[in-house]
Amino acid sequence: MKELIKKLTETYGPSGEESQIREVIIGEIKDHADEIRVDVLGNIIARKAGSGEKMMLAAHMDEIGLIITNIDDKGFLRFSNIGGVSPFTLIGERVIFENGTVGVLGMEKPANLFKNEMKDLKFNNMFIDIGARSKEEALKKVRLGDKAVYYRNCDILGDCATAKALDDRAGCAVLIRVLQNLKSPRFDTYFVFTVQEEVGVRGAKTSAFGIDPDLAIAVDVTMTGDTPESEKMAVELGKGPAVKVMDRSVISHPRIKEMLIEAAEKNKIPYQLEVLEMGGTDAGAIHLSRSGVPSGGLSIPTRYVHTPSEMASIDDIEKAANLLLCVLEK
Amino acid sequence: MDVKEVLMELLSTDIPSGCEVDRAQSLVQIFQRYCEDVSVDKLGNVIGRKGAKNAEIKVMLAAHMDEIGLMVKQIDDRGFIRFSYIGGIDHRILPAQEVIIHGREKVPGVIGSKPPHMQEPEERNKALKSEDMFIDTGLPAERVRELVRIGDVITFKRKPCELLNGCFSGNALDDRAGVATILYCLEELDKLQFSAEVYAVATAQEEVGFRGAIVSSYHLYPDIGIAVDVCHGNMADVAEEETHKLGKGPAIALGPNIHPKLFNRLKSIAEDYNIPYQVNPEPSATGTDAWAMQITRQGIPTSLISIPLRYMHTTVETLNLDDIKISGRLLALFISSLDRGFVEGLRCY
Amino acid sequence: MLLKELTEAFGVSGAEDEVRNILKREIESLAQFRTDALGNLLFEKPGKGKRPKIMLAAHMDEVGLMITSIGKNGWLKFDTVGGIDDRILVSKTVVIGPQKVKGVIGAKAIHLQEPKERETALKSKNLYIDIGAKDKEDAEKKVKVGDYAVFDSQFERIGSDLIKAKALDDRIGCYIITEILKKDYDLVISGAFTVQEEIGRRGSAAAAYAIEPDMAIVIEGTFAADVPENKEEGYSTTLGKGPAVTLMDKTYIADRRLVDRVLQVAERKGIPCQLRRTAFGGTDAGSIHTTKEGIPTIVISVPCRYIHSPAGLASLTDIQNAIDLIDALIIDFQERGLGR
């Protein structure tokens, strides 16, 4: 699992530019699925055929990032955010483009910002420096519209992994493991690695319409309340995967919620219950598809979400995969 | 139909958004008295049908059954409960409310906060925020943990009461008043001739983004969709032009969310039958089921009528029972007026 | 001139009738058309029936005002429809309702203001429209609650190559589509003049659901901020540098392969073309590209300065280049298919 998480989190894949991560994931699952297709928006839809109801599992493969909107005469790049990036997490950060170009985040009038107006820091006071001396030199490496992601390795700290993009490569790892190990599915199961979740659950919307499932579970990360003076939230790292009750995009359907809780209790897998006050998941789009799809979520407790150093417990991720297998196996 | 009685019956079940699947049954029983058949869909929408099957005209009436509420998000070492919101809660109404936690059994509690005596004067001028408050059940922590889980819903204790001149007050009148209006309309239809197939839908999860309306209107894909909801009634501290008067009939909406021909028809029927009504200009999003219905599939001609309601999203929402009857009758006369030509004309601009 | 007629027409979101009627007249002899439940004008020109079936979309609606109440003295209170900067409202003339009543948005004279008041932006909530009515009753003869109002603004040519008008966003797109429909292709050219884009891209969702195209081209008027007091990196688009292709906005991320294809076609044909260089805003592409199982979508915009105001500016050359680019693009799709 450690290797898989490292591989997935270190791969490039901002919303709208998911081809590299798509290739990596297809490489992991191609020998295990009955059929695999990629749809118009770029979602991977892998099916493990079974009789009975159609179950859609979704984990998003995109990550937050930056998009280049301007290159000036001196070769500095201006950008806009893709999804929930904060200017503050960018200070001193390095980013990497699809072609491997690395850039450093700089800001205008840094002395003034550090002294007085840090709260005013906005993306348009920041720029990316790729070491180019001119526009021409910059253009050899980066074009307008190219996208960058945090440039960080995955480190293993005890039982924890810390990396960029655990949101939601942790969920992708769960789906991959489940697909690799699922023998006789209780449902006609669709494993969907979705695109563009971070900009508004767009991939989940189109893939759910196409699959038209009877049930759905989104596997994503959730926040925790176990760090010093954190927001009040009952989820902790290392206490098992969290069964979603509610977030801003979905209130879990009782059938899915009970299905997950029952499987956890029957198989003695520790679990937690999640009430997330910010953010949403793919289930938000899926449950409103067509005439409605009973949907819920299984979440990986994750600290420091949307920073370059998200942190999750590998044990929680493994237990999430085990729990999901218990639900899906006949 | 005794409007007050039906309203009380509708209020007898607590249905915070998301609980519809488990709790729709109580509404099903009420709907069965007014509909030919009743079903519950995957998100818990209650769908009643009345009138000729597979008729040429299909009308959907939608009023949401869900109400705002709270949800358990954390239980501390001493058994105090911290909560999250379901839907748009004004945190200023929370202090000193009596609540019910729907745990393994119903657990009563009160919302507490640090006593005012212990606060600095400037602190007392500030509204309490949700993080300053907690629920006290009076039970030992172990017992709380046995009875209550993270994610359990919390509702406000109901104390409906009748006021002067047909006014009625309580929580969740947004939008059980709409549901009652639809039932009244169905009963009125028995006195009239109509050729449409009418779907009466008590929608789920409106308060968190009209989610039930999205899927139920996709499923039914009616020729006409009418949402019945509440609008702000006249209040002492709000400019008159921003509200609608209680007891003066429904507010009929117009604006981009509303098909102009439906507005005109509703208005002319009200005028023909001397039914009082008010005009409700809505420049953009109406924030009701109508907003979702209109852009379903290839689009649905949509309308919205609203019952004036004071103090929306508090536990003392107040309306006039006459408005429910007037609105129900208007809807029935509207449905009875429909013919195929009119419906086809809705797609001709 | 059609562009003059289109931009002067009355068409606030939800009341697009005038614009729709002009467009119906224009495309009557060019394509089959119908309206839908929301008021979208859907069209199809079958050509030789070849695929990919292309959807062209431009929105008919414009931002404006709605009358929300009429006061005792006959003054009209209003609310904005769509994104209007409240600060531009004061001291403007408007046209209200089906009777096209003229009104003015006045404000307390500068002489009567406290110094502090002058620094505070006026909010639409505090403003009102004066139609010269004696009292409420008098006003109600001309105006009803719920009537829409638009800026009273005439189309003019100014400078050497520019036009000045309201509603350039997106009557320019409507105009461009009528020009494209005059041309003959082998492909099925379908599409919609959509309603209610300005209040949340509402018409296009229903239109795309009905049309089910293989791909879509959304044609817009987009903001050009190439003005003093703005840095070059905030220009987004520049007037006169050709139509702009969108990479990303708040509702949509472009498929880079499609953007590159547009740029290649432009280069091959020698048509000036620019990339839109900010990620703000949204267009009908937001709802179209996620319709059903997903629709590949391109956004091509004509740069407009002072968008959403009574006096926007756009370049006629940019408009012609946009027409040429879309024409060339359709021919490219005809010759090489969607190529995915």
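Since we're looking at a predicted model, the values are computed, not measured.

Caption draft 1: Structural view of the domain arrangement of chain C. Residues and elements named next belong to chain C. One can read the domain layout of chain C as domain 1 (2-62 + 166-336) and domain 2 (64-151). Relative to domain 2, the C-alpha centre of domain 1 lies at a distance of 32 Å. Each partner contributes to the interface: domain 1 provides 14 residues, whereas domain 2 provides 13 residues. Where domain 1 abuts domain 2, roughly 1,100 Å² becomes buried across the two surfaces, and 72% of that area is made up of carbon and sulfur atoms.

Caption draft 2: Spatial organisation of the UniProt feature "active site" (unreviewed entry) in chain C. Residue and element names in this part refer to chain C. What UniProt calls "active site" (unreviewed entry) maps, in this numbering, to Glu197. Mapping Glu197 onto the fold places it in the loop between β12 (187-194) and α6 (202-211). Glu197 sits in the buried class, given a relative accessible area of 6%. Setting aside its immediate chain neighbours within four residues, Glu197 contacts His59, Asp61, Arg202, Glu220, Gly282, Thr283 and Asp284.

Caption draft 3: Focus on the packing of helix α2 (residues 17-27) of chain C against helix α5 (residues 168-181) of chain C. All names here are of chain C. It is at 10 Å that the axes of α2 and α5 come closest, and there the two elements cross at 15°. Comparing the axis directions of α2 and α5 gives the class roughly parallel. Considering only the axes of α2 and α5, their crossing is right-handed. Of the residues in α5, those touching α2 at Val19, Leu23, Glu26 and Ile27 are Arg171, Cys174, Thr178 and Leu181. For the contact of α2 with α5, the residue count by class is five nonpolar, one polar and two charged.

Caption draft 4: Geometry of the UniProt feature "active site" (unreviewed entry) in chain A. Those places that UniProt annotates as "active site" (unreviewed entry) correspond, in this numbering, to Glu197 of chain A. On the secondary structure map, Glu197 of chain A appears in the loop between β12 (188-194) and α7 (202-211).

Caption draft 5: Here's a closer look at a negative patch on the surface. Residues Glu258, Glu262 and Glu265 of chain A together with Asp22 of chain B make up a contiguous surface patch of negative charge. The biggest single contributor to the negative patch is helix α8 (residues 254-266) of chain A, with three residues. Tracing the backbone shows Glu262 of chain A in helix α8.

Caption draft 6: Layout of the interface of chain A and chain C. Counting from both sides, the interface comprises 27 residues of chain A and, opposite them, 25 residues of chain C. Each partner contributes to the roughly 2,200 Å² buried at the junction of chain A and chain C, and carbon and sulfur atoms together form 54% of this total. Scanning the region where chain A abuts chain C turns up five salt bridges. Of the charged contacts in the structure, one is a salt bridge between Arg256 of chain C and Asp146 of chain A, with a shortest N-O distance of 3.8 Å. Taken together, the connections running from chain A to chain C amount to seven residue pairs in polar contact (both at pLDDT 80 or more). Among the elements of the structure, β4 (65-71), β5 (77-82) and α7 of chain A are those that each provide at least two residues to the side of chain A that touches chain C.

Caption draft 7: Highlighting the packing of aromatic side chains. All names here are of chain A. The final tally for this structure, using the stated rule, is eight aromatic pairs over all chains. Ring centres 5.2 Å apart and planes at 65° place the aromatic pair Phe76 and Phe127 in the edge-to-face group. Placement of Phe76 in the loop between β4 and β5 and of Phe127 in strand β8 (residues 126-129) is noted, with a sequence separation of 51 residues between them. Classification of Phe76 as partly exposed rests on a relative accessible area of 27%.

Caption draft 8: Quick look at the packing of helix α5 (residues 173-189) of chain B against helix α9 (residues 321-336) of chain B. Residue and element names in this part refer to chain B. One way to put it is that α5 packs onto α9 with a least axis distance of 7 Å and a crossing angle of 50°. In terms of orientation, α5 and α9 fall into the oblique class. Regarding α5 and α9, the two cross each other, and that crossing is right-handed. Together, Ala177, Ala180, Thr181, Tyr184, Cys185, Glu188 and Leu189 of α5 and Ile324, Lys325, Ser327, Gly328, Arg329, Leu331, Ala332 and Ile335 of α9 make up the contact between the two elements. Taken together, the residues that form the contact of α5 with α9 break down as nine nonpolar, three polar and three charged.

Caption draft 9: Region of the structure containing the layout of surface pockets. In this structure, the second largest pocket occupies an estimated 1,300 Å³ of space. Lining the second largest pocket we find 34 residues, and of these Lys205 of chain A, Ile214 and Ile295 of chain B together with Ala205 and Thr290 of chain C sit closest to its centre. Within the residue set of the lining of the second largest pocket, elements represented by two or more residues are α7 and α9 (283-286) of chain A, α6 (211-220) and α8 (289-294) of chain B together with α6 and α8 (285-288) of chain C. Across the lining of the second largest pocket, the residue classes tally to 13 nonpolar, 12 polar and nine charged.

Caption draft 10: Molecular detail of the UniProt feature "binding site: Zn(2+) 1" (unreviewed entry) in chain C. All names here are of chain C. Residues given the UniProt feature "binding site: Zn(2+) 1" (unreviewed entry) here are His59, Asp169 and Glu220. Taking the farthest pair of C-alpha atoms as the criterion, the annotated set spanning 162 residues converges on one region, since that pair is 8.1 Å apart. Turning to its location among the elements, His59 is positioned in strand β3 (residues 50-59). His59 sits in the buried class, given a relative accessible area of 1%. Beyond its immediate chain neighbours, meaning those up to four positions away, His59 contacts Asp169, Asp170, Arg171, Cys174, Thr194, Glu197, Glu198, Glu220 and Asp284.

Caption draft 11: How the structure looks around the sheet that holds strand β15 (residues 278-281) of chain B. Residue and element names in this part refer to chain B. Spatially, the eight strands line up as an open sheet ordered β1-β2-β12-β3-β13-β16-β14-β15, and their pairing is mixed. Here the strands that pair on one side only, and so sit at the sheet edges, are β1 (37-40) and β15. On average, each strand axis in the sheet is tilted by 25° relative to the strand beside it, whichever way the strands run. Pairing of strand β14 (residues 251-254) with strand β16 (residues 302-309), which is carried by two bridges, proceeds in the antiparallel orientation. Its bridge partner being in β16, Ile252 is matched across the sheet by Ile305. α6 contacts β2 (46-50), β3 (58-64) and β12 (197-203) of the sheet and is inclined by roughly 160° relative to β12.

Caption draft 12: Summary view of the interface of chain A and chain B. In this complex, chain A contributes 25 residues to the contact, which on the side of chain B involves 26 residues. Around 2,300 Å² of area is buried between chain A and chain B when both sides are counted, 59% of it from carbon and sulfur atoms. It is Lys232, Ile251 and Ser291 of chain A that lose the most area in chain A upon contact with chain B, and together they represent 27% of the buried surface on that side. The tally of links from chain A across to chain B stands at one salt bridge. Lys73 of chain B is the salt-bridge partner of Glu277 of chain A, the closest N and O atoms lying 2.7 Å from each other. Our enumeration of links across chain A and chain B arrives at eight residue pairs in polar contact (both at pLDDT 80 or more). Of all the secondary-structure elements, those providing two or more residues to the side of chain A that touches chain B are β14 (242-246), α8 and β15 (272-275) of chain A. At three residues, α8 of chain A tops the list of elements feeding residues into the side of chain A that touches chain B. The class makeup of the residues in the side of chain A that touches chain B is 15 nonpolar, five polar and five charged.

Caption draft 13: Molecular detail of α6 of chain C. All names here are of chain C. The element α6 is largely enclosed, with a buried count of nine among its 10 residues. Of all the positions in α6, only Arg202, Gly203, Ser204, Ala205, Ala206, Ala207, Ala208, Tyr209 and Ile211 are classed as buried. Looking one or two residues past α6, Glu212 carries a phi angle of roughly 50°, positive in sign.

Caption draft 14: Examining the sheet that holds strand β10 (residues 161-162) of chain B more closely. Residue and element names in this part refer to chain B. Taken in spatial order, the three strands line up as β10-β11-β17 in an open sheet, and their pairing is antiparallel. The open sheet has two edge strands, β10 and β17 (317-320), and neither has a second partner. Set on the sheet, α5 makes contact with β11 (167-170) and β17; between it and β17 the angle comes to about 25°.

Quick notes on the rules
- The written sequence of each chain sets the order in which its residues are numbered from 1.
- All chains are assigned letters beginning at A, and all ligands numbers beginning at 1, according to the order in which they are written.
- Local features are withheld for residues below a pLDDT of 70 in this predicted model, meaning they are given only at 70 or higher, and side-chain atom pairs are given and counted only at 80 or more; totals for whole chains, interfaces and linings count all residues.
- Only heavy atoms go into the side-chain values, all of them from the structure, while hydrogens and water stay out.
- Where each domain begins and ends follows an automated or database-derived domain assignment.
- Contact between two residues is taken to exist if any of their heavy atoms lie within 4.5 Å; hydrogens are not considered.
- Once two parts are joined, some of their accessible surface, as seen by a 1.4 Å probe, is lost; buried area is that loss totalled over both.
- UniProt positions are given in the numbering used here, feature names are shortened, and annotations may be inferred rather than shown by experiment.
- By the criteria applied, helices consist of DSSP H or I runs no shorter than four residues and strands consist of E runs no shorter than two, each listed in order from the N terminus.
- Exposure categories follow from relative accessible area, calculated using a 1.4 Å probe and restricted to protein chains: below 20% of the type maximum is buried, above 50% is exposed, and the middle band is partly exposed.
- Here an angle of 0 to 180 degrees is reported between the N-to-C directions of two axes, which are lines fitted to C-alpha atoms, with helices fitted over the stretch in contact.
- For this classification, under 35 degrees means roughly parallel, over 145 means roughly antiparallel, 65 to 115 means roughly perpendicular, and everything else is oblique.
- Here a crossing is taken to be left-handed if its near helix is turned anticlockwise relative to the far helix by less than a right angle, and right-handed if that turn runs clockwise.
- Residues are grouped as follows: Ala, Val, Leu, Ile, Met, Phe, Trp, Tyr, Cys and Pro are nonpolar; Asp, Glu, Lys and Arg are charged; every other residue, Gly included, is polar.
- For patches, a residue must show more than 30% relative accessible area and have no salt bridge; joins then use 9 Å for like charges and 5 Å for nonpolar side chains, namely Val, Leu, Ile, Met, Phe, Trp and Tyr.
- Exposure was quantified through the Shrake-Rupley algorithm and a 1.4 Å probe, taking into account, for residues, occlusion by the shown protein chains and nothing else.
- We count a salt bridge whenever a side-chain nitrogen from Lys or Arg sits within 4 Å of a carboxyl oxygen from Asp or Glu.
- Neither His nor the chain ends contribute to the count of charged residues, in which Lys and Arg are positive and Asp and Glu negative.
- Here the site of a charge means NZ on Lys, CZ on Arg, CG on Asp, or CD on Glu.
- Residues adjacent in sequence count toward polar contacts only when both atoms are side-chain atoms; beyond that, a polar contact is any pair of N or O atoms within 3.5 Å, and within protein one must be able to donate a hydrogen and the other to accept it.
- To pair, rings of Phe, Tyr and Trp, with the six-membered ring standing in for Trp, must have centres within 6.5 Å; the planes then decide the type, stacked if under 30 degrees apart, edge-to-face if over 60, and tilted in the middle.
- Here a cavity denotes grid points, spaced 1 Å and computed from the protein atoms alone, that fit a 1.4 Å probe unable to get out, and a pocket denotes an open set having protein on both sides within 12 Å along at least 5 of 7 lines; residues with an atom within 4 Å of a point are the lining.
- Grid points are joined across faces, edges and corners, and a volume is the space filled by probe spheres set on the points.
- At least two DSSP bridges between two strands are needed for those strands to be called paired.

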